[in-house]
There are 2 protein chains.
Amino acid sequence: MPAPQRVSTESLIATIREIAEKEGVDAVTMSSVAAAVGVRAPSLYKRAANRHELLRLAADDAARELGSEIADIAAASDDPRAVLAGTARALRALATRSPRVTTLLFCAPHPAADHSPEMLAPIMAELLDAVRAITPDDPLSAARTLTAWAYGFCTMEQNGGFRQGGDVDAAFERGLEIVLRGIAG
Amino acid sequence: MPAPQRVSTESLIATIREIAEKEGVDAVTMSSVAAAVGVRAPSLYKRAANRHELLRLAADDAARELGSEIADIAAASDDPRAVLAGTARALRALATRSPRVTTLLFCAPHPAADHSPEMLAPIMAELLDAVRAITPDDPLSAARTLTAWAYGFCTMEQNGGFRQGGDVDAAFERGLEIVLRGIAG
DNA sequence: ACCTGAACACCGTTCAAGT
DNA sequence: ACCTGAACACCGTTCAAGT
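Residues numbered from 1 in each chain as written. Chains lettered and ligands numbered in written order. Predicted model: local features only at pLDDT ≥ 70, side-chain atom pairs only at ≥ 80, totals over all residues. Heavy atoms only, no water.

Chain A appears in an unreviewed UniProt entry as HTH tetR-type domain-containing protein from Microbacterium hydrocarbonoxydans.

### Some words on the interface of chain B and chain A
Accessible area lost upon the coming together of the parts serves often as the stated size of an interface. Taken together, the contacts link 40 residues of chain B with 40 residues of chain A. Counting across the interface, chain B meets chain A through two salt bridges. Taking the shortest distance from any N to any O, the salt bridge between Asp137(B) and Arg174(A) comes out at 3.8 Å. Across the chain B-chain A interface, the total number found is six residue pairs in polar contact (both at pLDDT 80 or more). Put simply, the parts of the chain that give the side of chain B that touches chain A at least two residues each are helix H5 (99–106), helix H7 (139–158) and helix H8 (168–184) of chain B. The leading source of residues in the side of chain B that touches chain A is H7(B), at 13 residues. Residue composition of the side of chain B that touches chain A, by class: 18 nonpolar, 13 polar and nine charged. (Contact = heavy atoms within 4.5 Å. Salt bridge = Lys/Arg side-chain N within 4 Å of Asp/Glu carboxyl O. Polar contact = N/O pair within 3.5 Å; in protein donor to acceptor, adjacent residues only side chain to side chain. Helix = DSSP H or I, 4+ residues; strand = E, 2+ residues; numbered from the N terminus. Nonpolar A, V, L, I, M, F, W, Y, C, P; charged D, E, K, R; others polar.)

### Observations regarding the UniProt feature "DNA-binding region" (unreviewed entry) in chain A
In this structure's numbering, the residues bearing the UniProt feature "DNA-binding region" (unreviewed entry) are residues 29–48 of chain A. Taken end to end, residues 29–48 of chain A is 40% helix and 0% strand, and its first and last C-alpha atoms sit 13 Å apart. (UniProt positions renumbered as here; feature names shortened; annotations may be inferred.)

### Section: the environment of Val168(B)
Mapped onto the fold, Val168(B) is located in helix H8. Taking C-alpha positions, Val168(B) is 29 Å from Ala27(B), a pair spaced 141 residues apart along the chain.

Next up, the structure:
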């Protein structure tokens, strides 16, 4: 006798992200998620093969969020510099409002079970277009430099790597200037 | 009746790093480390308060390694550009030969139990000196830009973030050029 | 002073049985 | 077709007892 699914995928993902941000990634256990969603732990295996895939659902959701924001920015502006700056700021905004899941997005605990690479590919494509408008010289490396810096900055900020003090917001904007100037040659 | 310590701190740390690199950070359990070192799990609590501190021992060891390499580079060269480039390359070399522990160094799983910040402080001091020789303008932000990029690049490389192909070594050197040019203004 | 066995609470995962 | 209870192997951690 068929039984309807008791919990939607969207609310499942929202619950995972909520637990991760509020209590930490370690608190995302099969039973905590199940309890929060009104079900027993074994039922979750109908939605994900294992705990890691549960976390990947959350990371992919954040990547989708970031991707659509960046697509909006690219669509709204013709200035490639503005597109690149907007992308970096959007990543930092995500890292600020969803630090745990953003960390998950880039520092996958298991290298084997990496998050779907196709989630980040469209973002890279937008960036490449913008970089090409600035420099004809090896745009892929230039785009990677920007993403590596932005990602590294956000992760260090989240991990408390900036304890030396100073204005972190200003440091971000200064870093953005440095990288964009360097790319422009 | 006193009983001598059965395992030296150095061999304990070496064992942890070995397991982490060969079988993954998840494989570093109290019992696997204890077994590899010829002891029972509870004995490890004489050396570390918990599993996380065991991992922190390994991360701090790698940081010490990196720090002394960078100190050597700074001592051997008067060219600030060479010091900055050497630092970035030393970090990447560490990430290449000890990827798991390097990830641990920067992407601490628990934000609470972060690795000792004083491990990285001397490295930052060397960098600041070199940056100051290049630009007088907000050297702290400039140094952070370099470290954020280098760290981000290595982490993305380790996590397979560069699946789009291309020569990764060349991309690293190109990124280094971009960042140094940007800092020089 | 260090090490151990035994115990505790917890976790991820499997699976046969329910509806 | 989904959910459940019961079970399994494993883990981190504590602690009283050994030497």
